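# Examination of the molecular architecture
Now for the letters of each chain:
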Amino acid sequence: MNQHRLGVPVALLALMALTADATLAEEVASAAVVEASADAAKVERGRYLVTFGGCNDCHTPWKMGENGPEPDMSRMLSGHPQQLTLPAAPALGAGPWEGVWSATFTAWAGPWGVSFTRNLTPDEETGLGSWTEREFVTTLRGGRQRGIGRELLPPMPWPGIGQASDEDLAAIFAYLRSIPAISNRVPDPIPPALPPAAP
Ligand code: HEC
């Protein structure tokens, strides 16, 4: 009898403990699901913004396709191809034409010299792999590499892109983190040729 009266509450307690554990485990699991789907939504938002923002127009090398030039998505967002060395840009003489670009849409010559679109993939050595989200956001806000380095050259349209909200810039960064890393070391910009020395 005693045993019986004691036995019930012990069993009940054990059951309650089990249920509590199960509820906790369920909560943890569903929190993880919520977090994972929030991450997925952030990456998807970033993908949408990168597509809409035309990043592929300049950061993905273009190639000649069946219907004319098209971005080579096998090299998505990896910047100016390192093996593509170019001859000096043609001189345009006195305006109003001011700039020329390579067939890949990744090298840009103008009064600023020659700029090369950079590797935005998560490659550690040659892309944005070692950048923090903060460095990325401040780069697009202030137009300096990693937020504090040299000024970004044209035609990188950072003054417009930098108007996006912190949330959207973080989403772009999250998406750029999720794409395949491509090792491609983009050359440094070439400063403008000095004007001819006076005779
Ligand atoms: C019209 C061409 C063009 C478009 C469009 C463009 N970029 Fe750029 N971007 C450039 C060029 C050129 C550079 C390199 C400038 C330099 O070296 O000073 C650059 C540099 C950058 C850098 C600096 C990377 C580094 O290593 O210093 C980031 C970050 C960047 N772009 C992000 C973006 C994102 C994100 C988008 C789309 C929302 C975008 N760009 C759209 C041309 C463009």
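Residues numbered from 1 in each chain as written. Predicted model: local features only at pLDDT ≥ 70, side-chain atom pairs only at ≥ 80, totals over all residues.

### Structural notes on the overall build of the protein chain
In plain terms, the rule: Only DSSP runs of H or I with at least four residues qualify as helices, and only runs of E with at least two residues qualify as strands; both kinds are numbered from the N terminus onward. Three exposure classes are used, all based on how many other C-beta atoms lie within 10 Å of a residue's own C-beta (placed from the backbone): buried at 20 or more, exposed at 12 or fewer, and partly exposed between those limits. By definition, residues are in contact whenever their C-beta atoms, placed on the basis of the backbone, come within 7 Å of each other.
When helices and strands are counted, the protein chain shows five helices and five strands. Of the regular secondary structure in the protein chain, the N- to C-terminal order runs α-α-β-β-β-β-β-α-α-α. Expressed as a percentage of the 199 residues in the protein chain, the buried residues total 21%. Within the protein chain, contacts between residues separated by at least 24 positions form 60% of all contacts whose residues are at least 6 apart in sequence.

### A few points about the site of the ligand
The test is simple: Only the C-beta atom matters for nearness: placed from the backbone, it must lie within 6 Å of the molecule or strand for the residue to count as near. Each residue gets one of three labels, nonpolar for Ala, Val, Leu, Ile, Met, Phe, Trp, Tyr, Cys and Pro, charged for Asp, Glu, Lys and Arg, and polar for the others, Gly among them.
As a structural note, the neighbourhood of the ligand is formed by 22 residues, with G53, C55, C58, L153 and M156 the closest of them. At four residues, the largest contribution of residues to the shell around the ligand is made by helix α2 (residues 55-59). Looking at the shell around the ligand residue by residue, the class counts come to 13 nonpolar, seven polar and two charged.

### Examining the sheet that holds strand β4 (residues 107-110)
Going by this rule: Strand pairing is assigned whenever DSSP identifies at least 2 bridges connecting the two strands.
Spatially, β3-β4-β5 is the arrangement adopted by the three strands of the open sheet, whose pairing is antiparallel. Unpaired on one side and paired on the other, β3 (100-101) and β5 (113-116) mark the two borders of the sheet. Pairing of β3 with β4, which is carried by two bridges, proceeds in the antiparallel orientation. Bridge pairing in β4 links V100 to A109.

### Details of the nonpolar core
Here is the rule: In plain words, the nonpolar core is the set of buried Ala, Val, Leu, Ile, Met, Phe, Trp, Tyr and Cys residues that C-beta atoms within 7 Å link up.
Core analysis: the largest hydrophobic core is formed by 14 residues, its most contacted members being L120, F136, L169, I172, F173, Y175 and L176. Among the secondary structure elements, those contributing two or more residues to this core are α3 (133-142) and α5 (166-178). Among the elements that make up this core, the one with the highest residue count is α5 (seven residues). Those residues in contact with F173 that sit more than four places away from it in its chain are E133 and F136. Grouped together as the second largest cluster of nonpolar side chains are six residues, W108, A109, V114 and V186 included.

### Comments concerning the pairing of β4
Where β3 folds back on β4, the antiparallel hairpin that results is connected by five residues, among which F105 adopts a positive phi of roughly 60 degrees. Relative to β5, β4 is paired through four bridges, and the arrangement is antiparallel. What sits directly across from W108, in β5, is S115. Counting the residues between successive antiparallel strands, the hairpin from β4 to β5 contains two residues.

### Some thoughts on the environment of P81
Inspection of the secondary structure assignment puts P81 in the loop between β2 (68-71) and β3. Each C-alpha atom, one on P81 and one on T106, is 8.0 Å from the other, the two residues being 25 residues apart in sequence. Beyond its immediate sequence surroundings of up to four residues, P81 is in contact with P61, T104 and N184.

All quantities given are derived from atomic positions and should not be read as evidence of function.
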